[in-house]
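A look at the structure
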Amino acid sequence: MATLEHYLILSAILFCIGVFGLLSRRNAVGILMSIELMFNSANINFVAFSKFINPDILTGQIFSVFVIAIAAAEAAVGLAIVVLLYRNFDIVNIDKINFMKW
Amino acid sequence: MIEIPFINLAVIYPEIAIFTASVIVLLVDLFMKGEKQGTLSTITMLGFAAAAIIASRQWFHFETGFSDALIADNFALVFKLLFCAAGVLTLFLSVHYLNREKIFRGEYFFLILSSTVGMMILASANELITAFLGLEVMSVPLYLLAGYDKKKLLSNEAALKYFLMGAFASGILIYGIAFVYGNLGTTNFDEIYRALQGKTLYGEPLLLLGLGLILIGFSFKTAFVPFHSWVPDVYVGTPTPATAFFSIAPKAAGFAILFRLLFKAFAPMMPDITGILWVLAVLTMFAGNLIAIAQRNIKRMLAYSSIAHAGYILIALTTGTADGAKAAILYLLAYTAMNVGAFGIVILLGREGEKDLSIAGYSGLSRRHPIAAAAMALFMFSLAGIPPTAGFIGKFYIFRGAVSAGFIWLAILGVVNSLISVYYYLRVIVIMYMKPEAESDRVITYPLSLMVAIILAAWGTVQIGIFPNSWLNLVRDSVSGFF
Amino acid sequence: MIEAYFPIFVLFIFALITPVVMLLIPKIVAKREPTPIKDAAYECGIPAEGDARERFPIKFYLIAILFLLFDLEAVFLYPWAYIYKKLGLFGLIEMGVFITILLVGYIYVIKKGALKWQ
């Protein structure tokens, strides 16, 4: 029987993979996927908390629907920016995007 | 039948006005032929004006709606008015710039309008998920605005950096919200306040984690040190009028939600959080001011200076008192005026292709263009906090609030930082007035729209500085019902 | 004091041995008879055509993004449809507003020519 802790640990693992991917990936699309992982780990938390703490009220589950929609919008905009960089300047590797130095 | 939750559309009338304007702008841009910049900017202006009128008529109404997820108290309304003012001023800054850089497209106005909708939701959010939605509705158009000059590599770089940092911050924020929800079983600010009674922050690991992540998320958005690394690059790469907008409106929105979060929802935890905010404030002020000294590009200097100004407002947040909130609102109003002015002069003196942005290039400006130099001097004095300008009044009330709340050291460090900042602001003035004229083929035209923006900004800077009383009454009213 | 770290030492040894063993077993046990057909990529049983790491035209991205956006709005339609009867006129109007806003986006997409395939 899966308890709340199991879900929380799963989401923590997903979140850490997301953060790690975001910090270590070179490819912009890989980074977008890592961000998606972070959002979805929060979704798991919301649904798990909603089920185990207050199963009669669906607040947490509704939140996760909103987060999914937001994540889609973020992904669309991020992908658009990456595609623009690729089209105009032939870049997908974000290490190369470093033209400004302080 | 299902019982339909209490919806009070009056809460979001200003948002509806601006959203409607944004949709009309989008459709007109699609279907209108020929010259459309005038029409589109008029519609945008009307949208902001309508929202501002509605917001000012709701003063002291304290509307709530959407199951208490949104609240339109004076505190939210004053921020809504601030966003409208910032939007209108940005519009005046933009018209000439977009023509000069030949990058006019109708989506520009749409992006500014829809981002403002998000800020307004953020300012009146009384619930964590609503705040998150508002933050995203605000941020997503801003990412696009950063990359608006899509033929230019720097603009693209700015967009990507802003997006990556912003999305990262959103991920952290929503994860934190999930933990707060898990610990308290609610995301409504009033209910959080009630649920927190009798709890200590360090006795609840989930709550500590959640609140910490939420603070980090918002710190990224409002660019507190050490979460500021994206700011200079994004501010430089973004088209200048959009930079002006970035440095004012989203920052104000971030502070609006931080005040509501920390002063209302997490008020019982405030004694535990103060230490963190204290350190953040000191770091933000020192890093912003010290790095700004080394800058040669005026936009980069203003970027670091905006970080430092966020540090001053953090002092007000740290105090946790009504005086602090009042001082912060006053400071944000003053900061809006003087920063729009400074960016206006930068646009005025710039040339096509974002050239002529080095501070050294301003040498001897006073001889050939005395009006522009005088205006720039006014805004620099105000940013440095020298009387009788708006910046002085803002800083004065922030430091006074800190002292009366017992944060004497914080106030002293703030004053030290203002002294540091005088160095690099005055350097601009010295270069303009004392240095010999640079060899430059700079030709300045004085376009009407840009002059309107600069004059309005100068008026605001002087008005708040010399006649602060009516503004003090405004901010006093705006926190009524909040404490 | 040192004894307390013994379990960690054991864990370390295990972490070292496990992957080495797992890498070695197939080397020893498995029979190795590579043929061109075995090495070929599996493509639904038909002979493979070209390289799988081919670059897609960028317009697929645009269609994919648009699909993602409009597809996800259906998430909000499901709960609404489930209690549609109970919500009555109120629900209909609310969803009408929602769809109208989406429609503006759709008109924008069409008018900008994002769906034209050429």
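Residues numbered from 1 in each chain as written. Chains lettered and ligands numbered in written order. Predicted model: local features only at pLDDT ≥ 70, side-chain atom pairs only at ≥ 80, totals over all residues.

With respect to the overall build of chain C
- When its secondary structure is counted, chain C shows five helices and zero strands.
- Each helix and strand of chain C, placed in order from N terminus to C terminus, yields the pattern α-α-α-α-α.
- Burial analysis of chain C (118 residues in total) assigns 0% to the buried set. (Helix = DSSP H or I, 4+ residues; strand = E, 2+ residues; numbered from the N terminus. Buried ≥ 20, exposed ≤ 12 C-beta atoms within 10 Å, placed from the backbone.)

Some thoughts on the overall build of chain A
- When helices and strands are counted, chain A shows three helices and zero strands.
- For chain A, the α and β elements follow one another from N to C terminus as α-α-α.
- For a compact globule of 102 residues, the expected C-alpha radius of gyration is about 13 Å, and chain A comes in at 17 Å, more than 25% above that figure.
- Per-residue burial for chain A yields a buried fraction of 36% across its 102 residues.
- A sequence separation of at least 24 residues applies to 51% of the contacts in chain A between residues at least 6 apart. (Rg over C-alpha atoms; globule rule 2.2 N^0.38 Å. Contact = placed C-beta atoms within 7 Å.)

Some words on the confidence of the model for chain C
All names here are of chain C.
- Of all residues in chain C, 83% have pLDDT values of 70 or greater, and the mean over the chain is 81.
- Within chain C, the lowest mean pLDDT, 74, falls on helix H2 (residues 36-39), and the highest, 89, falls on helix H5 (residues 84-111).
- Reported confidence for the predicted complex is 0.94 by ipTM and 0.89 by pTM. (pLDDT = per-residue confidence, 0-100.)

Focus: the interface of chain B and chain A
- In this complex, chain B contributes 33 residues to the contact, which on the side of chain A involves 32 residues.
- Residue contributions to the side of chain B that touches chain A peak at 18 residues, all from helix H6 (residues 153-184) of chain B.
- Class assignment of the residues belonging to the side of chain B that touches chain A gives a composition of 20 nonpolar, seven polar and six charged. (Nonpolar A, V, L, I, M, F, W, Y, C, P; charged D, E, K, R; others polar.)

Brief notes about the interface of chain A and chain C
- Facing the eleven residues of chain A at the interface are eight residues of chain C.
- Here the residues of the side of chain A that touches chain C sort into ten nonpolar, no polar and one charged.

A closer look at the environment of Ile257 of chain B
All names here are of chain B.
- For Ile257, the position within the fold is in helix H10 (residues 240-265).
- On the basis of neighbour count, Ile257 is assigned to the buried category, with 26 C-beta atoms found within 10 Å.
- Separated by 129 residues in sequence, Ile257 and Leu128 place their C-alpha atoms 9.6 Å apart.
- Ignoring any residue separated from it by four or fewer positions in sequence, one finds Ile257 in contact with Leu122, Ala125, Ala131 and Phe218.

Observations regarding the nonpolar core
- Counting 224 residues, the largest nonpolar core has Leu122, Ala328 and Tyr331 of chain B as the members making the most contacts within it.
- When sequence neighbours within four positions are dropped, the list of residues in contact with Ala328 of chain B reads Phe255, Phe259, Ile313, Ala316 and Leu317 of chain B. (Core = buried A, V, L, I, M, F, W, Y, C linked by C-beta atoms within 7 Å.)

Quick notes on the packing of helix H13 (residues 322-349) of chain B against helix H16 (residues 390-404) of chain B
All names here are of chain B.
- The contact between H13 and H16 brings their axes to 8 Å, and the two run at 160°. Classed by the angle they form, the pair H13 and H16 counts as roughly antiparallel. The interaxial crossing formed by H13 with H16 has left-handed handedness. Where H13 abuts H16, its residues Asp323, Gly324, Ala327, Leu330, Tyr331, Ala334, Tyr335, Ala337 and Met338 lie against Ala390, Gly391, Ile393, Gly394, Tyr397, Ile398, Gly401 and Ser404.
- Looking at the contact of H13 with H16 residue by residue, the classes come out as eleven nonpolar, five polar and one charged. (Axes fitted to C-alpha atoms, helices over the stretch in contact; angles between N-to-C directions. Parallel < 35°, antiparallel > 145°, perpendicular 65-115°, else oblique. Left-handed = near helix turned anticlockwise from the far one by under 90°.)

Examining the environment of Pro268 of chain B
Residues and elements named next belong to chain B.
- Within the secondary structure layout, Pro268 lies in the loop between H10 and helix H11 (270-293).
- For Pro268, a count of 17 C-beta atoms within 10 Å gives the class partly exposed.
- Sequence separation of Pro268 and Ala253 is 15 residues, and the distance between their C-alpha atoms is 23 Å.
- Setting aside residues no more than four positions away along its own chain, Pro268 makes contact with Tyr193, Leu196 and Gln197.

A look at the packing of helix H15 (residues 370-384) of chain B against helix H17 (residues 408-433) of chain B
Residue and element names in this part refer to chain B.
- Two numbers describe how H15 lies on H17: the axes approach to 9 Å, and their chain directions differ by 170°. Considered as vectors, H15 and H17 are oriented roughly antiparallel to each other. Between H15, through Ala373, Met376, Ala377, Met380, Leu383 and Ala384, and H17, the contact on the second element is made entirely by Ser421, Val422, Tyr425, Leu426, Val428, Ile429, Met432 and Tyr433.
- A class-by-class count of the residues in the contact of H15 with H17 yields 13 nonpolar, one polar and no charged.

Considerations on helix H8 (residues 205-222) of chain B
Residue and element names in this part refer to chain B.
- The terminal C-alpha atoms of H8 lie 26 Å apart, and with 18 residues this matches the ideal 26 Å at 1.5 Å per residue to within 8%.
- All of the buried residues along H8 are Leu207, Gly210, Leu211, Leu213, Ile214, Leu215, Gly217, Phe218, Ser219, Phe220, Lys221 and Thr222.
- Buried residues belonging to H8 abut helix H5 (128-146), H6, H10, H11 and helix H12 (298-319).
- Phi for Ala223, located one or two positions after H8, is positive at around 60°. (Expected span 1.5 Å × (residues − 1).)

Regarding the environment of His96 of chain B
Residue and element names in this part refer to chain B.
- With respect to the element layout, His96 can be found in helix H3 (residues 74-100).
- Residue His96 is classed as buried on the basis of its 21 C-beta neighbours within 10 Å.
- His96 sits 139 residues away from Tyr235 along the chain, and the two C-alpha atoms are 19 Å apart.
- Filtering out sequence-adjacent residues up to four positions away, His96 remains in contact with Pro447, Ser449 and Leu450.

Overview of unusual backbone geometry
Residue and element names in this part refer to chain B.
- Look at the link from Val225 to Pro226: it is a cis peptide, with omega at 5°.
- Considering the arrangement of structural elements, one finds Pro226 in the loop between H8 and helix H9 (231-237).
- For the bond from Pro387 to Pro388, the omega torsion is 5°, close enough to zero to count as cis.
- Along the chain, Pro388 turns up in the loop between H15 and H16.
- Backbone geometry places Phe66, a non-glycine residue, at a positive phi of 55°.
- Here Phe66 is to be found in the loop between strand E1 (63-65) and strand E2 (70-72).

A short note on H12 of chain B
Residue and element names in this part refer to chain B.
- With 22 residues, H12 should cover 32 Å at 1.5 Å per step; its first-to-last C-alpha distance of 32 Å lies within 8% of that length.
- Counting buried residues along H12, 22 of its 22 residues qualify, which places the element largely inside the surrounding structure.
- Gly320 lies just past H12 and shows a positive phi near 70°.

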